[in-house]
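Listed here are the chains, written in short residue letters.
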Amino acid sequence: MSGALLSCAGLTVDYALETAGLESMGQRAVDDLSFDIAPGEALGLVGESGCGKTTVALAIMRYLGRNGRISAGTISFEGRDLGQLAPRELRQLRGGRIAMVYQDPHSSLNPVMTIGQQLMEVPLLHRTRRRAAARELAVRALSEVELPDPEGMMARYPHQLSGGQQQRAVIAMALIAEPALLIMDEPTTGLDVTVEASVLALVDRLRRRHGTSVLFISHNLGAVGRLCDRVGVLYAGRLVELGPLSQVFANPRHPYTRGLLACVPSLADERRGRLLTPIAGTLTERARQAIGCAFADRCAHAVEGLCTSQPIALEAIEGEPEHVTRCVLAERLPAFAVEGEKGPASEARPAAEPVTEPLLAARGLGKRYALGGGRGALEALRGIDLDLERGGTLAIVGESGSGKSTFARIVIGLTEASEGELSFKGKDIAHLAIGRRRRDLRQRLQMIFQNPDSTLNPSHSVGYALERTIGRLHGIGRTQSRADARRLLQLVQLPADYAERLPEELSGGQRQRVAIARALAAAPDIVVADEPVSALDVSVHAAIANLLKELQARHALSLVFISHDIALVRYMADHVALFYRGRLVEFGPAEAVFAPPYHPYTQMLLASVPDPSTPGQRAAVREAGTAVSQEIGRGCPFAARCPWRIDRLCDRVDPPVLEPSDSHRIACHLDLIDLPRTIERTA
Amino acid sequence: MLRYTARQLAYMALTLIGVSFAVFVLNEYAPGDVARKLLGAYATQEQVEHLTRELGLDRPVLVRYLEYAGRLLSGDLGQSLTFKVPVAEILWDRLSNTFLLAAVAFAVIVPVAILFGVLAGVREGSLGDHLILIGANFISSLPEFATGVFLASIFAVWLGWLPGTSPMTTGGGWSVAAQLVLPVLVIALYDVGYLIAMVRVSMASVMRQPFVRTAVLKGMSRPKVILRHALRNALIAPFTAILLQVNYLVAGVVVVETVFAYPGFGRMMLQAAMAKDIAVVEAGTLVAVLIAMTTQLLGDLAYRLLDPRIRLGR
Ligand code: SF4
Ligand code: SF4
């Protein structure tokens with residue numbers, strides 16, 4: 001394609017592994033990759049971690065480090081071979097014609113330089129020698145990324161900005177030299193969902209305004225769907241599918257692409273009561289070296305010999321000439337439909353009904369932290385009223401700083417509430433820290449953390465960790481506890497012989513299973529899961545979510561499921577509590593919370609969830625104006641961002657609680673009939 | 001920042017009071033009493049008691065401490081027994097010698113440490129890095145007296161280019177500058193290896209930070225990235241360690257001072273301690289503590305200035 005802005009042809013990247021003695025050992029990160037990006041086009045590259053997507057970005061930037069090497073293929077940009085550039089030309093290209101936006105804006109900005117200094121460097125390198133002119137460009141770029149008070153921003157240091165603002169500043173820095181190509185590497189990972197939506201919407205506006213091409217790298221299909229014209233799917237460094245967004249999403253022809261689409265919960269389709277379909281297995285080293293299909297050992301359709309014996313070419317799909325895939329059975333796969341097998345949950349439990357006899361009930365629960373040096377107190381939680389029924393799943397949804405983790409910590413006893421009560425089986429435990437809880441109470445309440453490594457000792461085998469927990473809980477002998485440990489591993493669908501392994505020999509998803517097994521060892525009544533999947537790879541999300549769901553149904557567990565992922569919450573929960581800056585803004589059965597009328601915040605959250613099943617949808621969301629402060633003042637906590645705000649009421653008076661239906665509560669000053677009823681538009 | 005400084009200063013003053021009291025009590029009380037120490041073993045008990053009364057040593061500790069503190073504040077540090085001059089005189093004399101030595105050594109050590117530390121750290125794992133690291137480890141493992149004697153025998157005895165001792169008087173025909181060369185060299189050799197290692201580790205970890213990649217991918221040249229982005233971050237961590245070297249340079253270079261017969265603070269303290277010259281030991285200890293606390297405070301303040309995350313709060 002001669003009109004391409006960027007063209008990768010047969011790109012192959014190897015990393016030398018620094019294993020002593022094995023000098024020649026290398027790892028192929030990207031294997032014979034070819035794609036083009038046309039001027040003004042946005043191309044998405046998706047895949048799990050380790051699939052090579054970041055390597056592609058760094059190869060284009062010619063920044064592979066000392067171990068990385070382009071061993072074959074070419075990358076040409078604006079007709080020039082990037083491999084032939086002199087150092088000077090390369091510097092002119094970087095930041096000038098091609099700019100990059102990174103994952104984790106916080107660490108991508110220099111902590112000891114102001115935003116202004118860092119921004120001005122770019123025009124000073126590429127556009128002008130005059131500082132005043134550079135400054136002007138920097139201010140203009142900051143206002144273009146819609147940061148409030150661009151002049152004031154110039155003098156701020158990165159740590160004084162919220163995560164979303166930092167990423168906007170990085171985007172401003174990338175766009176300031178008006179590059180032809182913008183490479184974004186997981187730019188919204190780690191940002192709150194509403195912030196993610198607004199950042200994506202911003203990038204979309206800017207790229208259309210300036211005609212910038214975008215290479216968008218992400219594991220998040222929804223985000224890719226928001227922004228991109230075409231999408232490529234990488235697996236084990238190889239491109240397995242590439243085509244226009246709508247064709248790939250609606251008619252995926254590679255089993256891996258299908259797996260990726262099926263393993264994320266979606267708000268749009270009714271999949272409650274069905275299990276998500278996880279992609280079996282993990283990406284192995286052997287897959288990278290496979291002669292045939294790299295995905296064969298995880299593919300349900302694999303045909304021995306046919307798939308594994310010869311290299312498989314990328315071929316166009318019949319009727320969709322721009323849509324190519326690397327699967328011998330591509331044309332023979334059944335039509336794609338997102339549907340999981342029927343889950344146990346749907347039979348075990350009827351749709352949520354009004355909570356009758358709560359197992360756990362919070363009433364007016366609040367927590368303040370005293371600030372050092374007599375600076376008063378920080379209120380992390382205030383006036384929380386909610387219930388959890390026996391065998392139910394209560395999802396707690398909120399952004400960072402919403403108090404959702406504080407709530408979890410109070411339940412589990414890691415911290416004490418400062419006001420209100422939390423009754424568990426009728427007994428108030430709000431002010432009982434874990435050290436003062438009786439052993440049987442501690443057993444009844446267990447927790448699963450976001451990062452399984454925080455609870456697993458790396459130097460002890462998995463089995464040992466479980467046995468110790470069991471022994472301590474039940475005071476039983478080693479042989480008995482060993483048998484129990486193996487039983488627990490099977491319960492979380494791990495082979496019993498994993499008991500012998502060390503945590504580091506397990507994948508992240510497997511370690512999280514061990515952590516779940518450990519929580520189950522105590523036969524608890526309630527398991528509090530704090531973002532249990534968000535540190536794991538997408539393809540594992542489904543498996544862990546399914547596991548929790550199954551275990552819960554089978555053992556009549558009650559689950560407190562804390563998450564920022566609304567789609568996953570929709571999939572998991574029967575009751576939902578929405579926290580915003582330490583306050584409960586909406587609580588009720590999931591059906592009611594996810595159906596109109598919505599609390600304005602809920603509406604914004606739902607509108608900001610990127611959803612692969614409805615590509616191209618754009619959301620109108622507002623981002624918190626300033627760095628998130630956790631001060632809870634009077635009035636509605638959401639007032640600063642609410643499009644429906646009633647001035648001089650919402651920001652001053654605590655909103656009343658509306659009850660659109662039984663046990664569904666919305667805290668808002670709007671009248672019931674004025675509450676938002678659609679999720680597409682904000683007023 | 002101001003409040004912090006004020007609090008630290010108050011804290012310093014309290015510490016000084018505590019230390020001076022402890023030093024006072026320790027020196028004047030144990031073992032044996034002052035009058036006996038002054039008069040020697042052959043004085044009669046009567047003579048001892050007389051002197052005790054005369055010196056007011058029979059009054060309560062607190063009263064005597066307050067008197068002592070009062071005298072200190074008015075600048076009267078007492079009389080030195082060994083040097084037969086007022087303590088203040090000998091103290092300032094030796095301190096100024098020491099400060100000269102420390103300042104020159106500091107001026108040599110810091111740039112060298114930063115230069116080599118940065119050179120090694122920017123290319124972690126490269127040949128240059130390995131060589132610098134090995135060299136740094138080697139020189140800091142050499143004992144000071146060994147390098148001292150070794151260098152003196154080459155440059156003073158064998159080549160005769162430099163004086164073997166540094167009494168800091170020009171009577172021997174050597175300029176003060178020439179007399180400083182060997183002591184500074186020995187101190188620098190001993191101290192710089194440690195600092196190189198500190199700077200190197202910090203630099204290497206900064207070079208792995210994503211913001212360095214951001215700077216490179218802005219199109220900035222490597223030297224500029226290092227100077228503008230990496231260096232300041234890399235110096236934050238070793239900065240305190242660098243400042244703390246002042247303590248070592250002032251109070252810890254006894255060996256070098258002894259080898260070169262340098263009339264410095266450390267050697268004075270050693271002599272005074274051996275001769276039970278209480279007034280000098282007391283005053284010297286206080287000065288050493290004061291210097292240590294001042295460098296600590298300066299280190300803290302500079303740290304805050306360098307790192308906006310601390311200066312401006314999170
Ligand atoms: S080639 Fe075979 S193994 Fe590979 S994805 Fe297609 S069906 Fe599965
Ligand atoms: S109370 Fe006011 S600010 Fe809060 S959500 Fe309702 S309308 Fe918006």
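What counts and how
- Residues numbered from 1 in each chain as written.
- Chains lettered and ligands numbered in written order.
- Predicted model: local features only at pLDDT ≥ 70, side-chain atom pairs only at ≥ 80, totals over all residues.
- Heavy atoms only, no water.
- Near = heavy atom within 4 Å.
- Nonpolar A, V, L, I, M, F, W, Y, C, P; charged D, E, K, R; others polar.
- pLDDT = per-residue confidence, 0-100.
- Phe/Tyr/Trp six-rings, centres within 6.5 Å; stacked < 30°, edge-to-face > 60°.
- Helix = DSSP H or I, 4+ residues; strand = E, 2+ residues; numbered from the N terminus.
- Buried < 20%, exposed > 50% of the residue type's maximum accessible area, 1.4 Å probe, protein only.
- Salt bridge = Lys/Arg side-chain N within 4 Å of Asp/Glu carboxyl O.
- Contact = heavy atoms within 4.5 Å.
- Polar contact = N/O pair within 3.5 Å; in protein donor to acceptor, adjacent residues only side chain to side chain.
- Domains from an automatic or database assignment.
- Buried area = accessible area lost by both parts, 1.4 Å probe.

Things to note about the site of ligand 2
Then comes step 1: In the vicinity of ligand 2, the residues found are His599, Pro600, Cys636, Ala639, Cys642, Trp644, Cys650, Pro655, Cys668, His669 and Leu670 of chain A.
Then comes step 2: Of the residues contributing to the shell around ligand 2, the split by class is 9 nonpolar, 2 polar and no charged.

Digging into the confidence of the model for chain B
Then comes step 1: Chain-level statistics for chain B give a pLDDT mean of 84 and a share of 94% at 70 or above.
Then comes step 2: Here the predicted complex carries an ipTM of 0.77, next to a pTM of 0.75.

Some words on the packing of aromatic side chains
Then comes step 1: Per the counting criterion, the structure on display carries 10 aromatic pairs over all chains.
Then comes step 2: Judged by centre distance (5.1 Å) and plane angle (80 degrees), the ring pair of Tyr235 of chain A and Phe295 of chain A falls under edge-to-face. Highlighted residues: Tyr235 of chain A in strand E9 (residues 230-235) and Phe295 of chain A in the loop between helix H12 (285-289) and strand E11 (315-317), separated in sequence by 60 residues. Accessibility classification places Tyr235 of chain A together with Phe295 of chain A in one group, the buried group.
Then comes step 3: Between Tyr190 of chain B and Tyr248 of chain B, the ring centres sit 6.0 Å apart and the planes meet at 35 degrees, which makes this aromatic pair tilted.

Details of the pattern of salt bridges
Then comes step 1: Scanning the model with the defined rule gives 34 salt bridges over all chains in all.
Then comes step 2: Taking the shortest distance from any N to any O, the salt bridge between Arg228 of chain B and Glu121 of chain A comes out at 2.8 Å. On the criterion of chain membership, the pair formed by Arg228 of chain B in helix H10 (residues 222-251) and Glu121 of chain A in helix H4 (residues 115-126) is interchain, its members lying in two chains.
Then comes step 3: Its salt-bridge partner being Glu416 of chain A, residue Arg436 of chain A comes within 3.9 Å of it at the nearest N-O pair. Within this pair, whereas Arg436 of chain A is found in the loop between strand E17 (427-428) and helix H15 (439-444), its partner Glu416 of chain A is found in the loop between helix H14 (404-412) and strand E16 (419-424), the two being separated by 20 residues in sequence.

Concerning the environment of Arg437 of chain A
Residue and element names in this part refer to chain A.
Then comes step 1: Its place among the elements puts Arg437 in the loop between E17 and H15.
Then comes step 2: Each C-alpha atom, one on Arg437 and one on Glu285, is 47 Å from the other, the two residues being 152 residues apart in sequence.
Then comes step 3: For Arg437, the residues in contact, after removing those within four places along its chain, are Ile410, Val411, Ile412, Gly413, Ile429, Leu432, Arg442 and Leu445.
Then comes step 4: Polar side-chain contacts of Arg437 include one of 3.2 Å to the backbone oxygen of Ile410.

What about the domain arrangement of chain A?
For an interface, size is often stated in terms of accessible area lost upon the parts coming together.
Residue and element names in this part refer to chain A.
Then comes step 1: Domain annotation of chain A identifies domain 1 (1-97 + 179-228), domain 2 (110-176), domain 3 (360-578) and domain 4 (582-682).
Then comes step 2: With centres defined by C-alpha atoms, the gap from domain 1 to domain 3 works out at 38 Å.
Then comes step 3: Each side of the interface is counted separately: domain 1 has 6 residues, and domain 3 has 6 residues.
Then comes step 4: Between domain 1 and domain 3, the buried area comes to about 600 Å², and carbon and sulfur atoms account for 43% of it.
Then comes step 5: Of all residues in domain 1, Glu48, Asp192 and His219 give up the largest surface area on contact with domain 3, accounting jointly for 65% of the area buried on that side.

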